[in-house]
Each structure stands twice: as structure tokens, then as C-alpha cells.
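Each chain, written out:
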Amino acid sequence: MSSVTSSWFLRLRTVATVAVVCATALTITHIVRADAPKTAADYAADPAGMLEAYRHVEAASVSDAIEQALHHKSYMSHHMQSIFPTKFAGTALTVRLVKEENHDSNALSGMLSAIDSGGPGSVYVMKIDDGADIAGMGGLMGTAMFARGFAGAVVDGGVRDLPQLKKIGFPVYALGPVPSTSVGHYRFGGANIPIECDGVKVNPKDIIVADQDGVVVVPREHAAEILVLAQKLDNSEHSMYPYIEKFHSIVEAVKQFGRI
């Protein structure tokens, strides 16, 4: 091989090596950036990304994060049950029904208009005054919410038409199934107003997180910081499972991770 040809191959190999090194560096940089945890400021600047992240944390961790950061309870009681195992997160669209016997065909029209005002990611949160044995929603309302992309519904009252709700797969938390109706017994009391649902204050646009452990309400103004803390609690707990399985000791796991 001539010296010219040899020199040409040497230069070509050097260029190729540099290209590989650069490509590797770019890949590593990309991976590091992709894996870097987001901060509260990152989530506050990206509401859609924050809501998506809430869909991947456990309600129990969110509840613990609220107690640690805000020092109060923000979860609903064991009375609030889902009609089938589910997990969702979304923003609260609140509705209140007030008890009033009536013959007004428009007494509940505001409730229906509220549903039509919601969209993807909405969670229908309803307070029915003294309504444990009154169905606040059923198959028709659930189908409308499902069609509009609601994430789910939480009703401080009863629910009916479970076969239809289960058929379409629309998740509902309620105090229990009842065959009754609110028509003629209740009047629309307002939408997108502050309400109290199963003893928990809910404001419009608060974030509702629900899974098989129950329902948690995250105040919108603290949503970003609560999410970051909940993610840390989730990661800590999930790291403890294999540790306990390996060392057969929950005492040592708690010492190691500081979480129970």
C-alpha cells in the first residue's frame, strides 16, 4: 500500500472514530437529560405534563405528600367506593345539587350544561345535599362524560345504571349504588364553585387523583410541589419491596429508606 493510500485510510479512520465518540457523547447527554427528574417549577410551567405525571403516582403517596407538605388531610373516606377497580387523574369540574321538592322540568338543566362544558381530563365532582340514597348520576350522564373524554366522576351521593357504566368502562366513585332519581327532589345549585365532597374541600380545577386506595384532592396552587414529593415517596416505597424480599426484614428496610 502506498504512503498516500495509507495516509488516506488513517485520516478516514480518525474521522470515523471522532464521529462515533461525538455520537456517543450526544446520546449520553440526551439520556441524562431525559432521565433527570423534573422540578416543581418544570411542572408548574407545563400543566398538561403535570397532569400526565399525576396519572402515574399512587393516591396513597399523594395523600402522604399533602399531609407532609400542607399538614392536613385531603383524602375522601372509605365510604367513597369505585364501581370497578380503576386509576385516573384529572381536573375537578364541580357541581352541587340542593334538596328541594319541585315540579320544574328545568330544575336540573344546569347540571347537564355543566357536563357539556367539560372535556378531556375533566373529573365530574358532585355534592348532593343529604344524598346518600339519591343517584346523582347514571348511565346517560356517564355516557355523555365518556363521550366528552372525562377522566372519571366522584359523587358524594349514589349512582345507578352500573351495567351501562361498566359496559363503557367509565369510572365512578360514589357512596353506593341506588335505583333512585334526583329528578323532582333536587335543584341545580351551581357549577364550578367550591364544594365539600365527602368532607373534603374541592375547588374548580383542583387535581383529583383516584385509584384502588381511594380518592385524593390536590389543591391546584400546590399541585406541582405535591407531585414532586409524591414521586419521591413512590420511588422510595417501590425500592423497598425488593429490599424486603431480599433481606426478609421490614425493620431494616425502614431504617434504610425511612418510609412506611
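Definitions and cut-offs
Residues numbered from 1 in each chain as written. Predicted model: local features only at pLDDT ≥ 70, side-chain atom pairs only at ≥ 80, totals over all residues. Heavy atoms only, no water. Phe/Tyr/Trp six-rings, centres within 6.5 Å; stacked < 30°, edge-to-face > 60°. Helix = DSSP H or I, 4+ residues; strand = E, 2+ residues; numbered from the N terminus. Buried < 20%, exposed > 50% of the residue type's maximum accessible area, 1.4 Å probe, protein only. Lys NZ or Arg CZ within 6 Å of the ring centre and 35° of its normal. Polar contact = N/O pair within 3.5 Å; in protein donor to acceptor, adjacent residues only side chain to side chain. Contact = heavy atoms within 4.5 Å. Salt bridge = Lys/Arg side-chain N within 4 Å of Asp/Glu carboxyl O. Core = buried A, V, L, I, M, F, W, Y, C linked by side-chain atoms within 4.5 Å. pLDDT = per-residue confidence, 0-100. Axes fitted to C-alpha atoms, helices over the stretch in contact; angles between N-to-C directions. Parallel < 35°, antiparallel > 145°, perpendicular 65-115°, else oblique. Left-handed = near helix turned anticlockwise from the far one by under 90°. Nonpolar A, V, L, I, M, F, W, Y, C, P; charged D, E, K, R; others polar. Pairing = 2+ DSSP bridges. Arc of directions from axis to C-beta.

Asker: Please clarify how the packing of aromatic side chains should be interpreted in this entry.
Answerer: Geometrically, a pair of aromatic rings is defined through the distance of the ring centres and the angle of the planes. One pass over the structure, following the stated rule, counts 1 aromatic pair. Here the aromatic rings of Phe88 and Tyr173 are separated by 6.2 Å at their centres, their planes lie at 65°, and the arrangement is edge-to-face. Taken together, the residues span a long stretch of sequence, with Phe88 in strand E2 (residues 88-99) and Tyr173 in strand E7 (residues 172-174) at a distance of 85 residues. Tyr173 shares its class with Phe88; the two are buried. Over the ring of Tyr75 we find Lys73, and its NZ or CZ is 4.6 Å from the ring centre.

Asker: Help me understand the side chain of Thr94, please; the structure alone is not making it clear to me.
Answerer: Within the secondary structure, Thr94 sits in strand E2. We classify Thr94 as buried; its relative accessible area is 0%. Reaching out from Thr94, the side chain makes a polar contact with the backbone oxygen of Ile193 at a distance of 2.6 Å. Setting aside chain neighbours within four positions, we find Thr94 in contact with Val125, Gly190, Ala191, Asn192, Ile193, Ile195, Val202, Asn203 and Pro204.

Asker: Looking at this structure, I do not really get the pattern of salt bridges. What am I missing?
Answerer: Where charged atoms of side chains with opposite charge meet at close range, the side chains can pair. The tally for this structure, following the rule as stated, stands at 8 salt bridges. Here Lys87 makes a salt bridge to Asp211, at a shortest N to O gap of 3.9 Å. Within this pair, whereas Lys87 is found in the loop between strand E1 (81-82) and E2, its partner Asp211 is found in strand E12 (residues 207-211), the two being separated by 124 residues in sequence. Given the relative accessible area of 8%, Asp211 is considered buried. Among the charged side chains, a network of salt bridges with common partners joins Glu100, Asp104 and Arg187.

Asker: Any chance you could explain the nonpolar core here in plain terms?
Answerer: The tendency in soluble globular proteins is for nonpolar side chains to be buried as a group. The biggest cluster of nonpolar side chains holds 26 residues, and the ones touching the most others in it are Tyr124, Met126, Met137, Met145, Phe170 and Val172. If sequence neighbours within four positions are ignored, Phe170 has contacts with Ile83, Phe84, Met137, Gly142, Met145, Phe146, Phe150, Ala151, Gly152, Ala153 and Leu165. Of all hydrophobic cores here, the second largest spans 23 residues; its members include Ala89, Ala223, Leu227 and Val228.

Asker: Explain the confidence of the model for the chain here, please?
Answerer: Note: predicted coordinates in regions of low pLDDT should not be interpreted at a detailed level. On average, residues of the chain carry a pLDDT of 87, and 80% of them reach 70 or more. The low-confidence segment residues 14-34, where pLDDT is below 50, has 0 contacts with residues more than four positions distant or belonging to other chains.

Asker: Which parts of the structure should I look at to understand unusual backbone geometry?
Answerer: Working note: non-glycine residues mostly have negative phi, and peptide bonds are mostly trans. Unlike most non-glycine residues, Asn192 shows phi in positive territory, near 55°. Position of Asn192 relative to the elements: it lies in the loop between strand E9 (186-191) and strand E10 (195-197). A relative accessible area of 41% means that Asn192 is categorised as partly exposed. Notably, Lys205 is not glycine yet its phi reads approximately 80°, a positive angle. Tracing the backbone shows Lys205 in the loop between strand E11 (200-202) and E12.

Asker: I tried to follow the packing of helix H5 (residues 109-117) against helix H6 (residues 139-148) on my own but got confused; where do I start?
Answerer: Two numbers describe a pair of packed helices, the interaxial angle and the distance between the axes. Close contact between H5 and H6 brings their axes to 9 Å; oriented N to C, the two are set at 20°. Classified by the angle between their axes, H5 and H6 sit roughly parallel to one another. Every pair of crossing elements has a handedness; the one defined by H5 and H6 is right-handed. Counting all contacts with H5, which are made through Met111, Leu112, Ile115, Asp116 and Ser117, the residues of H6 involved are Met141, Ala144, Met145 and Arg148. Class assignment of the residues belonging to the contact of H5 with H6 gives a composition of 6 nonpolar, 1 polar and 2 charged.

Asker: I would appreciate a short explanation of the sheet that holds strand E8 (residues 176-177) in the present structure.
Answerer: Consider a sheet: its strands pair through backbone hydrogen bonds, and that pairing is either parallel or antiparallel. Ordered by their spatial adjacency, 3 strands build an open sheet running E4-E6-E8, and the pairing between neighbours is parallel. A single partner strand is all that each edge strand has here, and the edge strands are strand E4 (135-137) and E8. When strand E6 (residues 158-159) meets E8, the two strands line up parallel, connected through 2 bridges. Residue pairing across strands places Val159 opposite Pro177, the latter belonging to E8.

Asker: Explanation requested: the environment of Thr86 in the structure shown.
Answerer: Note on placement: Thr86 falls in the loop between E1 and E2. Taking the C-alpha atoms as reference, Thr86 lies 9.7 Å from Asp213; in sequence the two are 127 residues apart. The residues touching Thr86, leaving out its near neighbours within four places in the chain, are Pro171, Tyr173, Ala210, Asp211 and Gln212.

Asker: Please clarify how H6 should be interpreted in this entry.
Answerer: For an α-helix the count is 3.6 residues per turn, leaving residues at separations of three or four pointing the same way. Here H6 has its buried residues at Gly139, Met141, Gly142 and Met145. Along the axis of H6, the buried residues cluster in a sector spanning 160°; they form a single face. Exposed side chains of H6 directed beyond 90 degrees from the buried face belong to Leu140 and Ala147. Against H5, strand E3 (122-128), E4, strand E5 (152-156) and helix H7 (162-168) lie the buried residues of H6. Backbone geometry just downstream of H6 places Gly149 in the positive-phi region, at approximately 90°.

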